[in-house]
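Descriptive structure summary
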Amino acid sequence: MKPAESDTSAPGTARLGRSVHIAGIGSYAPERVLTNQELEKMVDTTDEWILTRSGIRERHIAAPGQATSDLGVEAARAALADAGLAAGDVDLILVATASPDMLFPSTACQLQHKLGARKVAAFDLSAACSGFIYALEVGRQFVASGTHDTVLVVGADKLSAITDWTDRATCVLFGDAAGAAVLRHEPGRRGILSTHLGADGSQKEILNVPAGGSAMPATEQTVRDKMHFIRMSGREVFKLAVNAMLSAARGAVEKSGLALSDINCVIPHQANMRIIEAISDRLKVGMDRFHVNLQHYGNTSAASIPVALAEAVRMGKVKRGDNVLLVAFGGGLTWGSAVIHW
Ligand code: ACO
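Residues numbered from 1 in each chain as written. Predicted model: local features only at pLDDT ≥ 70, side-chain atom pairs only at ≥ 80, totals over all residues. Heavy atoms only, no water.

1. What to know about the overall build of the protein
Broken down by element type, the protein carries eleven helices and 15 strands. Against the globule reference of 20 Å for 342 residues, the protein gives a C-alpha radius of gyration of 19 Å, in line with a compact fold. The principal-axis extents of the C-alpha atoms in the protein amount to approximately 55 × 45 × 35 Å. The burial tally for the protein puts 54% of its 342 residues in the buried class. For the protein, contacts bridging at least 24 residues in sequence account for 76% of all contacts bridging at least 6. By element, 53% of the accessible surface of the protein is carried by carbon and sulfur atoms, the whole surface being about 14300 Å². Here the protein contributes 34 positively and 35 negatively charged side chains, and the mean placements of these two sets differ by 3 Å. (Helix = DSSP H or I, 4+ residues; strand = E, 2+ residues; numbered from the N terminus. Rg over C-alpha atoms; globule rule 2.2 N^0.38 Å. Buried < 20%, exposed > 50% of the residue type's maximum accessible area, 1.4 Å probe, protein only. Contact = heavy atoms within 4.5 Å. Areas by Shrake-Rupley, 256 points an atom, 1.4 Å probe, with all protein chains shown as cover. Lys, Arg positive; Asp, Glu negative; His and termini not counted. Charge placed at Lys NZ, Arg CZ, Asp CG, Glu CD.)

2. With respect to the confidence of the model for the protein
Scored by pLDDT, the protein has a mean of 95; 96% of the residues are at 70 or more. Of the regions scoring below 50 in pLDDT, residues 1–13 engages in 33 contacts with residues more than four places distant in sequence or in other chains. (pLDDT = per-residue confidence, 0-100.)

3. Description of the packing of helix α3 (residues 68–83) against helix α4 (residues 107–115)
Relative orientation and spacing of two packed helices are given, respectively, by the angle between their axes and the distance between those axes. Axis separation between α3 and α4 bottoms out at 9 Å; the angle between their running directions is 55°. One element, α3, and the other, α4, form an angle in the oblique class. With respect to the hand of their crossing, α3 and α4 are arranged in right-handed fashion. Together, T68, S69, D70, G72, V73, A76, R77 and L80 of α3 and T107, Q110, L111, K114 and L115 of α4 make up the contact between the two elements. By residue class, the composition of the contact of α3 with α4 is five nonpolar, five polar and three charged. (Axes fitted to C-alpha atoms, helices over the stretch in contact; angles between N-to-C directions. Parallel < 35°, antiparallel > 145°, perpendicular 65-115°, else oblique. Left-handed = near helix turned anticlockwise from the far one by under 90°. Nonpolar A, V, L, I, M, F, W, Y, C, P; charged D, E, K, R; others polar.)

4. Details of the site of the ligand
Around the ligand, the structure places 22 residues, and the nearest of them are T45, R53, C129, R235 and N272. Within the side chain of R235, a nitrogen or oxygen atom sits 2.6 Å from an oxygen atom of the ligand. Side-chain polar atom of N299 to an oxygen atom of the ligand: 3.4 Å apart, as the coordinates give it. In isolation the ligand has 1000 Å² of accessible area, and contact with the protein removes 75% of it. Counting residues per element, the ones that place at least two in the shell around the ligand are α2 (47–54), α6 (168–171), α8 (234–256) and α9 (273–283). When the residues that make up the shell around the ligand are grouped by side-chain class, the tally is twelve nonpolar, five polar and five charged. (Near = heavy atom within 4 Å. Polar contact = N/O pair within 3.5 Å; in protein donor to acceptor, adjacent residues only side chain to side chain.)

5. Some points on the domain arrangement of the protein
Many structure descriptions define interface size as the accessible area lost when the parts assemble. Segmentation of the protein into domains returns domain 1 (10–188) and domain 2 (192–341). The straight-line distance from the C-alpha centre of domain 1 to that of domain 2 is 13 Å. Listed by partner, the interface residues are 52 residues for domain 1 and 50 residues for domain 2. Taking both sides of the interface into account, the surface hidden between domain 1 and domain 2 amounts to around 3900 Å²; carbon and sulfur atoms contribute 64%. The interface formed by domain 1 and domain 2 holds one salt bridge in total. Among the ionic pairs, D164 bridges to K226, the shortest N-O distance being 3.9 Å. Where domain 1 meets domain 2, there are 20 residue pairs in polar contact (both at pLDDT 80 or more). Among the secondary structure elements, those contributing two or more residues to the side of domain 1 that touches domain 2 are β3 (21–28), α2, β5 (58–60), α5 (131–145), β8 (151–158) and β9 (176–184). Of the residues belonging to the side of domain 1 that touches domain 2, the class tally is 27 nonpolar, 14 polar and eleven charged. (Domains from an automatic or database assignment. Buried area = accessible area lost by both parts, 1.4 Å probe. Salt bridge = Lys/Arg side-chain N within 4 Å of Asp/Glu carboxyl O.)

6. What to know about the pattern of salt bridges
Within the structure shown, the criterion is met by ten salt bridges. Between K114 and D70 there is a salt bridge; the shortest N-O distance is 3.0 Å. Of the two residues, K114 sits in helix α4 while D70 sits in helix α3, which places them 44 residues apart along the sequence. A relative accessible area of 21% places D70 in the partly exposed class. Between K204 and E205 there is a salt bridge whose closest N-O contact spans 3.8 Å.

7. Thoughts on the sheet that holds strand β7 (residues 121–125)
In space, the five strands of this open sheet follow the order β3-β9-β8-β6-β7, with mixed pairing throughout. The open sheet has two edge strands, β3 and β7, and neither has a second partner. Averaged over neighbouring strand pairs, the angle between their axes works out to 15° when direction is ignored. Bridging between β8 and β9 involves eight bridges; their strand directions are antiparallel. Paired with D157 across the bridge in β9 is A177. Those strands touched by α5 are β3, β6 (92–96), β7, β8 and β9, and its axis lies near 165° from that of β8. (Pairing = 2+ DSSP bridges.)

8. Some thoughts on the nonpolar core
Counting residues in each nonpolar core, the largest one holds 43 residues, and the members touching the most others are I263, V266, I279, F290, L325, F329 and V339. Counting residues per element, this core draws most heavily on α8, at ten residues. In this structure, this core is formed jointly by two domains, domain 1 (10–188) and domain 2 (192–341), each of which donates at least three residues. With residues near it in sequence (within four places) discarded, L325 still touches A249, A252, V253, I263, C265, V266, I267, S337, A338 and V339. V20, A127, I133 and A181 belong to the second-largest nonpolar core, a separate cluster that totals 35 residues. (Core = buried A, V, L, I, M, F, W, Y, C linked by side-chain atoms within 4.5 Å.)

Shown next as structure tokens:
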């Protein structure tokens, strides 16, 4: 099936303007690797439990003093190099993160400075694990409208900083990393064909970090009660994740004018192997068409999709002319998907 020339990015919203493609993609993970065997010595768990319940074998953990912007800037440099561009070419910087360097200024401002970019607009976007796809669509709109030519979109998270390392139900799942994409218009390249974004704010209790914001400012008590760490009802999240990712995947594919059979590679949010297998099964898209790397990274939130996409491109699993489906789910709740003609 031929992709539509134009479609919708949200119900009732016409997709107008220039086509936008990913001109460069890059990723970064900190050197330190924490294995399941090491976690066995930290909490009451086993390699076997972690592997069978999640598929994760190891994850990367940032060094002391290494902030989310430090991870992001490495990914940004790699993406710019891949695009054959320099920091000075960037017109706008977007950083999707759930673990910002600090409440303010934004991580995007820190990244702009560390990258040596011009004093262009820079801001953060909060959509947890769906953050990269949200930021991809926001960046796309800037390039499509013609107001900006080169937009840097970064998904970066240092979840180790907001993980309770005594809670076996969560600490075995997360990791630190960053991924980045450079968005540009190039005549003749279709690039991002469609996106589909959604949110449900009624479900905040099943996945959140309760304290440290204005609703529950930091106190000695909140620190004692471990309220600055991720809290998650795993089973509830699991069920909602499968349904939201399925409808997001179908939504973006439908808007793109393609069929699921036209998708060469699916890059899902890398949270849990069982969630990904359930989606593969229900979409009837074989696992051979999915790219999965969570065994080596764990769930890296906003970084998960660009890290997996960059790896799939490096491995030749995503090639020029392929149709790629990105699909994510995260705290908020949020979900998002995109179809890209690579
Ligand atoms: N090691 C050993 N046992 C454990 C561990 C552990 N690390 N963690 C929990 N258990 C125990 C529980 O205490 C429970 O014991 P009980 O039956 O005696 O009460 C048992 O294992 C089963 O626990 P469940 O939570 O029911 O296990 P489940 O099969 O649901 O797997 C998991 C848990 C892996 C968290 C799964 O529910 C999941 O992946 N959920 C989705 C999580 C997700 O996708 N999060 C990302 C969302 S986006 C974001 O993070 C920003």
